[in-house]
Amino acid sequence: MFDVLLKHMNYIAAMALFVIGLYTVLMHQNLIKKVIGINIMETSVFLFFVSIGMVQNGQAPIINLKDASVTYVNPIPSALILTGIVVAVSITAYSLSLIIQLYKQYGTLNLDEMVDEVEHD
Amino acid sequence: MISTQFPVYLVIIPLAIAVILPLLKQHRRLIQSIVSLTVGLMFFLALFNWFELHSFGAYAYNFGGYAANLGIQFYIDELTSLLVLFILFLSFIIISYSFADIPHELEPHQFGLYYSLILLLLFSMLGMVYTNDLFNMYVFMEILSITSTAIISIKHRKANFLASFRYLMLSSIGSITILFGLAFLYMVTGHLNMFEVHKVIQSVWTTYPMNLLLASGFILTGLGIKSAMFPLHVWLPDAHASAPSPSSAFLSALVVKVYIFAMYKILFRVLGTMMVKGLGIDQAILIFAALGMVFGSIFAIGQRDIKRMLAYSSVAQIGYIFLGLGLMSEQGLAASLFHIFSHGLMKTALFLSAGSIIFATGKRKLSDLDGIGYRMPVTMIVFSIAAFGMIGIPGVSGFMSKIYLGLALIEGQHPIYLALILLSSFLNAVYYLPIIIAAFLKEDPENRHAMKMDPLPKRMWIPMVVLAICLIVIGFYPQLIMDIIEASLPAYLVG
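Residues numbered from 1 in each chain as written. Chains lettered and ligands numbered in written order. Predicted model: local features only at pLDDT ≥ 70, side-chain atom pairs only at ≥ 80, totals over all residues.

1. Points about the overall build of chain B
As a reminder of what qualifies: Secondary structure elements are defined from DSSP: runs of H or I of at least 4 residues count as helices, runs of E of at least 2 residues count as strands, and each element is numbered from the N terminus. Each radius of gyration is computed over the set of C-alpha atoms, and the globule rule expresses the reference value as 2.2 Å times the number of residues to the power 0.38. Once C-beta atoms are placed from the backbone, each residue is buried if 20 or more other C-beta atoms lie within 10 Å of its own, exposed if 12 or fewer, and partly exposed for counts between those two. Each residue gets a C-beta atom placed from its backbone, and two residues are in contact if those atoms lie within 7 Å.
Along chain B, the regular secondary structure elements total 20 helices and 2 strands. On C-alpha atoms alone, chain B measures out to a radius of gyration of 22 Å, which is about the 23 Å that the 2.2 N^0.38 rule sets for 495 residues. Among the 495 residues that make up chain B, the fraction classed as buried is 58%. In chain B, once contacts between residues fewer than 6 apart in sequence are set aside, the share between residues at least 24 apart is 80%.

Next comes the structure, spelled out in structure tokens:
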């Protein structure tokens, strides 16, 4: 039982982080916390994606011409996640800039108060 | 074939021009001519590519000459190029309308920025339609979600920032969910190219059913959020209603459709009909589609703001598209694709005419529109034609999509959904007809018996009239589009 858990640690960790992130985005009314939640979700997916490229006893994927018998980890997931991180940063930057504008306009960071104010207008 | 490289040009040109536009600052004339030349040029490139495809057939374009399993691939078939042609045609119409409307809605220094965003939007939409690589699709999707949020938040108003923030949060959740699903797919298959993934899935799907079910669940939920499938549509009304009118037209007519097309690709090119049916995904899609059709219309009835009403009506119409998709038959798919085109035209016409009413009178409330047909006859006639299409009155393209959908439902032995289509059409009539009746038959409180030409610049009413003509032409000659769709479908439904 414990062995199985340990063997699939990456799945469990990714799923737990994903759910924590989703909970933070959906249940917290503070906008900054929502953005943090999105980031946690993104991290969980990145972690999972990189971990599936793992090869037992694998080396860093740098071509070694002298010794062809060395096994490498799968480099594609890491390369993809590098792109994914760039995308995540741009989403975070854009949402933070939106939050600055929202704070200027409403004077609060609470989503409920903003919705109330819009509906009263 | 001369036009082999054109799809790449079509993606690169808007990206390059989008970088240049913000440098031109306040030269409105110059920006206008550059943007219309760019989109016009892209339209002709796409048209040329489309003509050549008919004689040469579908082909795959490998970037940098790398093999399909190593590099990124574009796959261009008749359907893709027809959709690209449609996107560019509608964009050209919306953009030429927006030249008059945008200075009215935004501050002068934002003019160049707005078109820069529009070109980036085009770039990501075309990329998503062409691409045959799953991760590439994800990247284009993220660019699309940022730009489509930005064309809402560019208008500095309280409601816009809030709507775009909510949209951004939900669409980020959607894209992260999709990436999670892609990770599961990659785990099982070891490929990212759609055809390669499909090949592997064919042989292993009985070995890893759980894994593939999780993957397709994650991906379809994510795409469902982004394409506003019924219970996940909550972001749509605010976002589409508060955006500047040309942006609303873009979002409602094109962006949502591109996500739906991505869903087609996932369902048919990646998973394959057999697996979709084996996992029971089609039944789930049918149920959500039917719920969306009915509840979208019910919510629309309760709205008082014209653009919010149109946004809820989009939720209902997306339900029709998913209904055809969920049938998993050739007729169903053809009907849903036909509705993508006809809904795109109708919704653009509706949003542009609603935008003209707001432009000329500043009125957004449905109760203020009494007698508006006398002051803005052209606008209201276009609005009425498109609304008749939505209801499904013969002679407009919306009627034909309902006929095709109905025939597909009868073929697929789903008479219950046919009843729901009739119910939804009836509900459509409940909220569209009162506007038309109030506009033409009620008395205008301000100036009665005075029929005048619309107080609109030519730039605004000509695109609307073109749209109305297209709607009627397709209403009478649906074969113009349906033949192409039916010819290109068999390639999709294999496996």
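2. Notes on the overall build of chain A
Helices and strands together make up the secondary structure of chain A, namely 5 helices and 0 strands. Here the C-alpha atoms of chain A give a radius of gyration of 20 Å, more than 25% beyond the 14 Å that 2.2 N^0.38 yields for 121 residues. Counting only C-alpha atoms and orienting by the principal axes, one finds that chain A spans roughly 70 × 40 × 15 Å. Each of the 121 residues in chain A was classed as buried or not, and the buried ones make up 25%. Contacts in chain A between residues at least 24 apart in sequence constitute 48% of all its contacts with a sequence separation of at least 6.

3. Details of helix α3 (residues 78-105) of chain B
Rules: Each residue after the first adds 1.5 Å to the expected span of a helix. At any given residue, the bend is defined as the angle formed between two axes, one fitted to the seven residues that end at that position and one fitted to the seven that begin there.
Over its 28 residues, α3 of chain B extends 38 Å from the first C-alpha to the last, a length consistent with the 40 Å expected when each residue adds 1.5 Å. The largest bend in α3 of chain B comes to about 50°, at phenylalanine 99 of chain B, with the proline proline 103 of chain B one to four residues further on.

4. Quick notes on the interface of chain B and chain A
Interface extent is often summarised as the accessible area lost during association of the parts. For clarity, the threshold we go by: Gly counts as polar in this scheme, as do all residues outside two lists: the nonpolar Ala, Val, Leu, Ile, Met, Phe, Trp, Tyr, Cys and Pro, and the charged Asp, Glu, Lys and Arg.
On the side of chain A, 27 residues touch chain B, which itself brings 21 residues to the contact. Taken together, the elements giving at least two residues each to the side of chain B that touches chain A come down to α5 (134-153) and α6 (158-189) of chain B. Of the residues forming the side of chain B that touches chain A, the biggest block, 16 residues, is contributed by α6 of chain B. Here the side of chain B that touches chain A is built from residues that sort into 16 nonpolar, 3 polar and 2 charged.

5. Description of the nonpolar core
Within soluble globular proteins, side chains that are nonpolar tend to cluster in buried spots. Our working rule: The nonpolar core criterion groups buried Ala, Val, Leu, Ile, Met, Phe, Trp, Tyr and Cys residues into a set whenever they are joined through C-beta atoms within 7 Å.
Met125, Leu126, Leu182, Val258, Ala349, Ala386 and Leu471 of chain B are the most contacted members of the largest nonpolar core, which totals 210 residues. In contact with valine 258 of chain B, other than residues within four places in its own chain, are Met125, Met128, Val129 and Leu144 of chain B.

6. Comments concerning unusual backbone geometry
Residues and elements named next belong to chain B. Even without a glycine there, the phi angle at alanine 228 is positive, about 60°. In this structure, alanine 228 sits in the loop between α8 (209-226) and α9 (236-242). A count of 28 C-beta atoms within 10 Å places alanine 228 in the buried class. Even without a glycine there, the phi angle at methionine 328 is positive, about 60°. Taking the C-beta count within 10 Å as the criterion, methionine 328 has 21 such neighbours and is therefore assigned buried.

7. Observations regarding the packing of α5 of chain B against α6 of chain B
Residue and element names in this part refer to chain B. Spelled out, the test is: For helices, the fitted line uses only the C-alpha atoms of the stretch in contact; every axis is such a line through C-alpha atoms, and the angle between N-to-C directions lies from 0 to 180 degrees. By definition in this entry, angles of less than 35 degrees are roughly parallel, angles greater than 145 are roughly antiparallel, angles of 65 to 115 are roughly perpendicular, and the rest are oblique.
Between α5 and α6, the least distance of the axes is 9 Å, while the angle of their chain directions is 175°. In terms of orientation, α5 and α6 fall into the roughly antiparallel class. Along the contact surface, α5 presents Leu134, Phe135, Tyr138, Met141, Glu142, Ser145, Thr149, Ile152 and Ser153, while α6 presents Asn160, Phe161, Ala163, Ser164, Tyr167, Leu168, Ser171, Ser175, Ile178, Leu179, Leu182 and Leu185. Class assignment of the residues belonging to the contact of α5 with α6 gives a composition of 13 nonpolar, 7 polar and 1 charged.

8. Examining the confidence of the model for chain A
In plain terms, the rule: A score from 0 to 100, pLDDT tells how confident the predictor is in each residue.
Of the residues in chain A, 98% reach a pLDDT of 70 or more, and the chain-wide mean stands at 88. Of all secondary-structure elements in chain A, the lowest mean pLDDT belongs to helix α1 (residues 2-7) of chain A, at 82, while helix α3 (residues 31-51) of chain A reaches the highest, 93.

9. What about the pairing of strand β2 (residues 73-76) of chain B?
Consecutive side chains of a regular strand alternate in pointing toward one face of the sheet and then the other. Residue and element names in this part refer to chain B. To keep things clear, this is the line we draw: For two strands to be treated as a pair, DSSP must find no fewer than two bridges joining them.
Side chains Gln73 and Tyr75 project from β2 onto one buried face, and the interleaved Phe74 and Ile76 project onto a second face that is buried too. Summarising the sheet, strand β1 (residues 59-62) and β2 pair through 4 bridges and their orientation is antiparallel. Within β2, the position partnered with alanine 60 by the bridge is tyrosine 75.

10. Points about the packing of helix α12 (residues 281-301) of chain B against helix α13 (residues 306-326) of chain B
Residues and elements named next belong to chain B. This is how the line gets drawn: For any pair of crossing helices, the crossing counts as left-handed if the nearer helix is rotated counterclockwise from the farther one by less than a right angle, and right-handed if it is rotated clockwise.
In contact at an axis separation of 7 Å, α12 and α13 are set at 155° when each is read in the N-to-C sense. Classed by the angle they form, the pair α12 and α13 counts as roughly antiparallel. In this structure, the crossing between α12 and α13 has a hand that is left-handed. Seen from α12, the contacting residues are Asp282, Ile285, Leu286, Phe288, Ala289, Ala290, Gly292, Met293, Gly296, Ser297, Phe299 and Ala300; seen from α13, they are Met309, Tyr312, Ser313, Val315, Ala316, Ile318, Gly319, Tyr320, Phe322, Leu323, Leu325 and Gly326.

11. Some details on the environment of threonine 348 of chain B
Residue and element names in this part refer to chain B. For threonine 348, the position within the fold is in helix α14 (residues 330-361). The exposure class assigned to threonine 348 is buried, which follows from the 28 C-beta atoms found within 10 Å. Between the C-alpha atom of threonine 348 and that of leucine 23, which follows or precedes it by 325 residues, the distance is 30 Å. Residues contacting threonine 348, with those up to four places away along its chain left out, are Leu90, Ile93, Ile94, Ala249, Ala253 and Leu467.

12. Topic: helix α2 (residues 28-56) of chain B
For an α-helix, the turn length of 3.6 residues means that residues three or four places apart are oriented alike. Residue and element names in this part refer to chain B. The terminal C-alpha atoms of α2 lie 42 Å apart, and with 29 residues this matches the ideal 42 Å at 1.5 Å per residue to within 8%. Within the span of α2, buried status applies to Ile31, Val35, Thr38, Val39, Met42, Ala46, Asn49 and Leu53. Turning to α2, the residues buried within the fold contact α1 (6-20), β2, α3 and α4 (111-130). A positive phi of about 85° marks glycine 57, the residue just after α2.

13. Section: the environment of isoleucine 38 of chain A
Locating isoleucine 38 of chain A in the fold gives a position in helix α3. Ignoring anything within four residues of it in the chain, the contact list for isoleucine 38 of chain A reads Gly21 and Val25 of chain A together with Met169 and Ser172 of chain B.

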